[in-house]
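Notes for the structure review
Here's the letter readout for the chains.
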Amino acid sequence: MPAVEDLLTAAQLPATVRDAADPERLPLLISASSLALAAHVGYPLHRRVGVEESVASAGGRYLWLRSGGVRQVTRVAVRGVVLPATAYALESVFMGRVVARGEAWPFTGTWSPGVSSTPLHVEDTGALVVTYDAGWVTPGQAALDGTLQVDLPADLQLAAQMVVGALVHGDGAEEAVSESIGGTSLTRATDEDGQLPAVPARARRLVARYRRPRQGVA
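Computed from a predicted structure; not experimentally measured. (Residues numbered from 1 in each chain as written. Predicted model: local features only at pLDDT ≥ 70, side-chain atom pairs only at ≥ 80, totals over all residues. Heavy atoms only, no water.)

**Details of a nonpolar patch on the surface**
What counts here: Patch building starts from residues that exceed 30% relative accessible area and form no salt bridge, then joins like charges within 9 Å and nonpolar side chains (Val, Leu, Ile, Met, Phe, Trp, Tyr) within 5 Å. Residue-level accessible areas treat just the shown protein chains as cover; the underlying method is Shrake-Rupley with a 1.4 Å probe. Basic side-chain nitrogens of Lys or Arg form a salt bridge, by our definition, when they fall within 4 Å of a carboxyl oxygen of Asp or Glu. Helix and strand assignments follow DSSP, with helices taken as H or I runs no shorter than four residues and strands as E runs no shorter than two, numbered in order from the N terminus.
Taken together, the side chains of M1, V4 and L144 make up a nonpolar region of the molecular surface, amounting to roughly 330 Å² of accessible area. Relative to the assigned elements, L144 resides in helix 3 (residues 139-144).

Laid out in structure tokens, this is it:
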């Protein structure tokens, strides 16, 4: 049974990968690879509708949603008051950046004490809530719901194929480094943090434009 997160189906895998994998493990490999790729870009890639998110604001013109791949913003409420759609716009689909068209977004967080208080620390107070649709219809979602049509970008699907292939064939040679431990030479694949990579370098380069920065700038 496919999962909604699955970025490809077994039929989309190259025959060299599909035939080399244990048929019973192949669905797990596809799901694990899809989740690893989503973790790398920093947000779920499958289609999600009506995501409601409380957002912290530094009081500037921009809001950064926690998700990238935002397709549309359907509602913004400030302290329970719904703003007109003309008051904001989705400026970056990949980065989940929403711009205020008129007044700046209100500051959410703690203020200094006193008569003339000033903003101190940005916090998510629940005062600013954004509702949006994000992600793309994956092959997994389409397999579970015949009314849906896959619109997942080809580069994401190809990257998912690469991750599955790396899991099946143990392909990490492009990132291999060697080190000596006593009289033994050990070769292993590592990422930029020195850890074993879940996503091969070629796949990472392929999806670089989708990657959500770990910290936004407000």
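**Description of the packing of aromatic side chains**
Going by this rule: Pairs were defined over the aromatic rings of Phe, Tyr and Trp, the Trp ring being its six-membered one, requiring ring centres within 6.5 Å. Orientation was assigned from the angle between planes: stacked under 30 degrees, edge-to-face over 60, tilted for the rest. Each residue is assigned to one of three classes by its accessible area relative to the maximum for its type, calculated with a 1.4 Å probe on protein chains only: buried under 20%, partly exposed between the two thresholds, exposed over 50%. Criterion for a charge above a ring: Lys NZ or Arg CZ within 6 Å of the ring centre, and within 35 degrees of the ring normal.
Summed over the entire model, instances satisfying the criterion amount to four aromatic pairs. A ring pair is formed by W136 and Y210, whose centres lie 5.8 Å apart and whose planes are at 90°; its orientation type is edge-to-face. Taken together, the residues span a long stretch of sequence, with W136 in the loop between strand 9 (128-134) and helix 3 and Y210 in the segment after helix 5 (201-206) at a distance of 74 residues. The residues W136 and Y210 share a single accessibility class, namely buried. The cationic tip of R61 hangs over the ring face of Y62; the distance from NZ or CZ to the ring centre is 5.4 Å. The side chain of R97 reaches across the aromatic face of Y62, ending 5.8 Å from its centre.

**Topic: the sheet that holds strand 3 (residues 70-78)**
Which entries qualify depends on this criterion: Only when DSSP finds a minimum of two bridges between them are two strands counted as paired.
With antiparallel pairing, four strands are arranged side by side in an open sheet as 1-9-3-4. Strands at the two margins of the open sheet, each flanked by one partner only, are strand 1 (48-54) and strand 4 (81-82). Taken together, the two bridges between strand 3 and strand 4 define a ladder with antiparallel strand orientation. Across the sheet, the residue bridging to A77 is V82, located in strand 4.

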